[in-house]
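# Breakdown of the fold
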Amino acid sequence: MKLIVLGNNGSFPGRDSACSGYLIQDGTTNILIDCGNGVISRAQRYCKIEDLEAIVLSHLHRDHTSDMFVLRYAVETKFYFKTMDKPITVYAPSTPEEERRGLEYNNVYNLTTIYDTMEVNIKGLSCKFFMMNHPVETYGLRIEKDGKVLSYTADTIVNDNLKKLAANADLFLSESTATEKVLSTSNIPHLSAKQAAEVAKLANVKKLLLTHFWYEEERSNYLKEASTVFPEVLLAEEFKEYEV
Ligand SMILES: [Zn+2]
Ligand SMILES: [Zn+2]
């Protein structure tokens, strides 16, 4: 399988950028993980909307969901013109309720509720969810196929499930919104690059891919900080493909 980074900005999109969105491609199967602003436009470089097998929403913060609210018009229109005949399968947490209700629109999405330890098989890709620690209900996702593992933290602070989520992963996609300097003066509900690297080391992953960057932070600072703990680290680049 491969991972294509569609958007890597945390909280809001910087100039010419997009918020969280990651396309998993395995043969003809396309799974979109998170759907922040800018993501649907970019996803169509790689697949048609009607060819999305499923969308997984790690949590219902708008920087991970906002394009779901324009995608629903796309699906509705395609229903009308009969170029699509079934809803898109969407995995999402049940809360916050008002955010979840926004996804229940004219049956364009076939919603399945995520819970901790839930396991689903999507076209041969085994997906397991792990509860994270963030101000809203949030799940990390571990995808396995043919002995290869991709783990994604979503948004979180350090918690016990991170090690299980990331254990021996070939590619560990971790948020690193902050640097240690930022964390020392604030209590934002996110990981620093150093904390992500500490998890990578503890969980014995092969490669760490940092993402969910704060637009105004110098990117090289994330890399510098993580490299002091874990050498196999890269910064997620938009439109770049990563083989797992
Ligand atoms: Zn976020
Ligand atoms: Zn969040």
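Definitions and limits used
- Position numbers for residues count from 1 along each chain, tracking the sequence in the order it is written.
- All chains are assigned letters beginning with A, and all ligands numbers beginning with 1, in the order in which they are written.
- Whole-chain, interface and lining totals are the exception, using all residues; otherwise, since this is a predicted model, local features are given only for residues with pLDDT of at least 70 and side-chain atom pairs are given and counted only at 80 or more.
- Here the side-chain values reflect all heavy atoms present in the structure, with hydrogen atoms and water set aside.
- A fitted line through C-alpha atoms serves as each axis, taken over the contacting stretch for helices, and the angle formed by two N-to-C directions is quoted from 0 to 180°.
- Only DSSP runs of H or I with at least four residues qualify as helices, and only runs of E with at least two residues qualify as strands; both kinds are numbered from the N terminus onward.
- Roughly parallel covers angles under 35 degrees, roughly antiparallel covers those over 145, roughly perpendicular covers 65 to 115, and oblique covers all other angles.
- Left-handed is the label given to a crossing in which the near helix is rotated counterclockwise from the far helix by less than a right angle, and right-handed is the label when the rotation is clockwise.
- Two residues qualify as a contact provided that any one of their heavy atoms is within 4.5 Å of a heavy atom in the partner residue.
- Here the nonpolar group is Ala, Val, Leu, Ile, Met, Phe, Trp, Tyr, Cys and Pro; Asp, Glu, Lys and Arg are the charged ones; every other residue, Gly included, is treated as polar.
- When DSSP finds two or more bridges between two strands, those strands count as paired.

## What to know about the packing of helix H7 (residues 193-202) against helix H8 (residues 219-227)
The angle between the axes and the distance between the axes are what describe a pair of packed helices. It is at 8 Å that the axes of H7 and H8 come closest, and there the two elements cross at 40 degrees. Looking at the two axes, H7 sits oblique to H8. Between H7 and H8 lies a crossing of right-handed hand. Between H7 and H8, the contacting residues are Ala 193, Lys 194 and Ala 197 on the first element and Tyr 222, Glu 225 and Ala 226 on the second. Its residues placed into classes, the contact of H7 with H8 shows four nonpolar, no polar and two charged.

## Observations regarding unusual backbone geometry
Cis rather than trans, the peptide bond between Thr 95 and Pro 96 has omega equal to -10 degrees. As for its placement among the helices and strands, Pro 96 is situated in the loop between strand E5 (88-92) and helix H4 (97-101). Although it is not a glycine, Asp 146 adopts a positive phi angle of roughly 50 degrees. Looking at the secondary structure, you find Asp 146 in the loop between strand E9 (139-145) and strand E10 (148-152). Phi at His 212 is positive, roughly 60 degrees, even though this residue is not glycine.

## Considering the sheet that holds strand E12 (residues 207-211)
Pairing is mixed across the open sheet formed by seven strands, whose spatial order is E7-E8-E9-E10-E11-E12-E13. In this open sheet, the two edge strands, each paired with only one partner strand, are strand E7 (119-122) and strand E13 (233-235). Looking at each pair of strands side by side, their axes are set apart by 20 degrees on average, direction ignored. With four bridges joining them, E7 and strand E8 (residues 125-131) adopt antiparallel strand pairing. Following the sheet pairing, Val 120 is matched in E8 by Cys 127.

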